[in-house]
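Below, each chain spelled out in residue letters.
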Amino acid sequence: MTNNKKHVIPKAKYGRKRREYFHNEEREQRVQLEQKAEEERAEKAEKLAKNNEERVKDNLRKARIEKLTQEEIQQQQVLATNRKHSPSDKNLDSSPSNETYKLDDNKESQDAHSEQHNLDKQDAEQSTIEKSNKDKDNEEPNRKETSHVNSNEIIDENEQDDHFYSEEAQQSRVKQYIDEESADNSKENVENTHKNNHIQTHHKQSYIDKIRQFFLAHWAKILIVIGVILLLVLINAIFNNVDHNGSSRESVFKGHQDKAYTTTMKSANSAIHSIVTVDNNTGKENSSADKETQEAGKENELGSGVVYKKVGDSIFIMTNAHVVGDKKEQKITYGNDDYSIGKVIGTDKFSDIAIVKAKVKSDSDVKPIKMGDSSTLVLGEPIIVIGNPLGVDFKGSVSEGIISGLNRHVPVDIDKDNQYDVLMSAFQVDAPVNPGNSGGGVIDRDGKLVGIASLKIDMENVEGMAFAIPVNDAQSIAKQLEAKGQVKYPNTGVKITNVAGIDDATRQAISLPNDVNKGILIGDVKENSLGEKSGLQKNDVIVELDGKEIEDNLRYRQVIFSHKDDLQTLPAKIYRDGKLKDIKIKLK
């Protein structure tokens, strides 16, 4: 395109080459091949007709030769008889017989000449006949000139003539003629065979060339067709394949009663009756404490919960502490949109676990979930997450995934002040977890509860990174909350700061080696605290606790909190006045 105008090629320049765009060369080649094949078929038919004509003429010629031979034999016998009875008339008798022979020979010669135009194969017979005629013509004047020769010489010549025209000589000449005919036919057959092989080879080569040209011209379309066929085969295999539980394509489309469930389907349909909706907005007038909480900027939370125990008409629900917030009552929705007001038994913000007790109707299908063992989880193990994303409207939603990571330490900002307060011990899943899924159940392939969905990483370009509290830890917290309403953690009574955040002046003042960049620096130690009883002093730097490297204050708190049940005395390594020392920290 130039100056916004179409670029047009004159017809005179592209008219003669137009056939190239329609593959006319291929069509012309195909037409030529067809014409050549037609000519070959016509030539073959003509040749077959010619061969048939030659066979007829050959049969007629053989019949004439046989007839001539019989006549010559009879005439020779008559001549021999006459010679025996009247020897003096031999010369006179020989003249008519010779004339008879000449007439017959002339007739045979004419027939041979008439056939010479169509059949070149009769040359051998014609030359033989002409030679015999020439010999007889030469003998005739000799007989006339030598009439005075004695009778013995005449008898010898007649005996030679008798030998030439004898039955054995005639049969020998016929046999020689037939052998020559057979040799010519064999040669012709060989030539025809070579020609046919050449034609077949040519046809085969032209067929291969046509196939090659077809593939070169339409290879893209052929690839597309092959791709579509493979896709259809794959889809058909998927629909006809039988899963490991024996469900087939027919069972998928049958009625609900006849359907064979997969493992995921069984787990989901079993656990769905143990999942409820937890809403901390009960619809009642807020107390003064609630109003102050809302004024502080905290919004109502709505999430999920798992029924882990049922006593009479009361159910015990395990959910997240950040779902219930600071409210003592929760709206629990279960079954077919039935609800009741539940009471918060206890919460633990460090583990993000809360327990709610509520009553349900006697005819409700709510049931406790089966408890699993989170210590036996395997990386890559399939799981499902059941919860109520975005509230009651989408309650009982199921998402599927796998265990993406074990023993994760996830920093959590509990009081929403943009500073992390604790490291949560959790395992990672890739199943979708949306707002409202918090507090929902993570279910294994056996339909057992292995974790409580708690949080996910909500960042740009980050997908499929959610975390759940192991059910073993959640059960331990739930027992303490049921018994005491709270969880008591060990407190060493020391004020700590991260070594990574101190300045050079402070490092020089406490004589900390330059290669120590991780750990916690102890500021103040409360009087009569566990830290003071353990021998900790101000400016001590803890770099190892219970055999684990201490990177910062979150890691220190996590290790201490992990021994809330046993309250063991933990070995530690500290730097004091620039020297590394061993110390034991008491938790009780």
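Residues numbered from 1 in each chain as written. Predicted model: local features only at pLDDT ≥ 70, side-chain atom pairs only at ≥ 80, totals over all residues. Heavy atoms only, no water.

(A) Fine view of the overall build of the chain. Helix and strand counts for the chain come out as 14 helices and 19 strands. Here the chain holds 588 residues, and 34% of them are scored as buried. Nonlocal contacts in the chain, meaning residues at least 24 apart in sequence, comprise 62% of its contacts between residues at least 6 apart. Of the roughly 37300 Å² of accessible surface on the chain, a fraction of 50% belongs to carbon and sulfur atoms. (Helix = DSSP H or I, 4+ residues; strand = E, 2+ residues; numbered from the N terminus. Buried < 20%, exposed > 50% of the residue type's maximum accessible area, 1.4 Å probe, protein only. Contact = heavy atoms within 4.5 Å. Areas by Shrake-Rupley, 256 points an atom, 1.4 Å probe, with all protein chains shown as cover.)

(B) Highlighting the pattern of salt bridges. In total, this model carries 12 salt bridges according to the counting rule given. When the shortest N-O distance is used, the salt bridge between D338 and K361 registers 3.5 Å. Of the two residues, D338 is situated in strand β5 (residues 338-348) and K361 in the loop between β6 (353-359) and β7 (370-371); the sequence distance between them amounts to 23 residues. Via salt bridges that share partners, D58, R61 and K62 belong to a single interconnected network. (Salt bridge = Lys/Arg side-chain N within 4 Å of Asp/Glu carboxyl O.)

(C) Molecular detail of the pairing of strand β4 (residues 329-334). Pairing between strand β1 (residues 275-279) and β4: three bridges, direction antiparallel. Considered in β4, the bridge of T277 is made with T333. Count of turn residues in the β4/β5 antiparallel hairpin: three residues, of which G335 carries a positive phi of about 55°. (Pairing = 2+ DSSP bridges.)

(D) Highlighting the packing of aromatic side chains. Across all of its chains, the model carries five aromatic pairs by this definition. Between F214 and F215 the ring centres are 6.1 Å apart and the planes differ by 80°, which places this aromatic pair in the edge-to-face class. An aromatic cluster is defined as three or more aromatic residues linked by ring pairs; in this entry it consists of F350, Y489 and F561. We note K309 situated over the ring of F316; from NZ or CZ to the ring centre the distance is 4.4 Å. A cation sits over an aromatic face here: K331 above Y339, 4.7 Å from the ring centre. (Phe/Tyr/Trp six-rings, centres within 6.5 Å; stacked < 30°, edge-to-face > 60°. Lys NZ or Arg CZ within 6 Å of the ring centre and 35° of its normal.)

(E) A look at the side chain of S399. Note on placement: S399 falls in strand β9 (residues 397-412). The buried category is assigned to S399, whose relative accessible area is 13%. Only 3.0 Å separates the side chain of S399 from the backbone oxygen of P432, close enough to count as a polar contact. Among residues more than four places away in sequence, those in contact with S399 are I383, I384, V385, A431 and P432. (Polar contact = N/O pair within 3.5 Å; in protein donor to acceptor, adjacent residues only side chain to side chain.)

(F) A look at the pairing of strand β10 (residues 422-429). Within β10, seven of the eight residues are buried, which leaves it mostly tucked inside the rest of the structure. Of the pairings in the sheet, the one linking β9 to β10 comprises seven bridges and is antiparallel in character. Among the inter-strand pairings, P411 is bridged to a residue of β10, identified as L423. Taken together, the three bridges between β10 and strand β13 (residues 466-470) define a ladder with antiparallel strand orientation. Of the residues in β13, the one forming a bridge with V429 is A466.

Coordinates in, geometry out; function isn't part of it.
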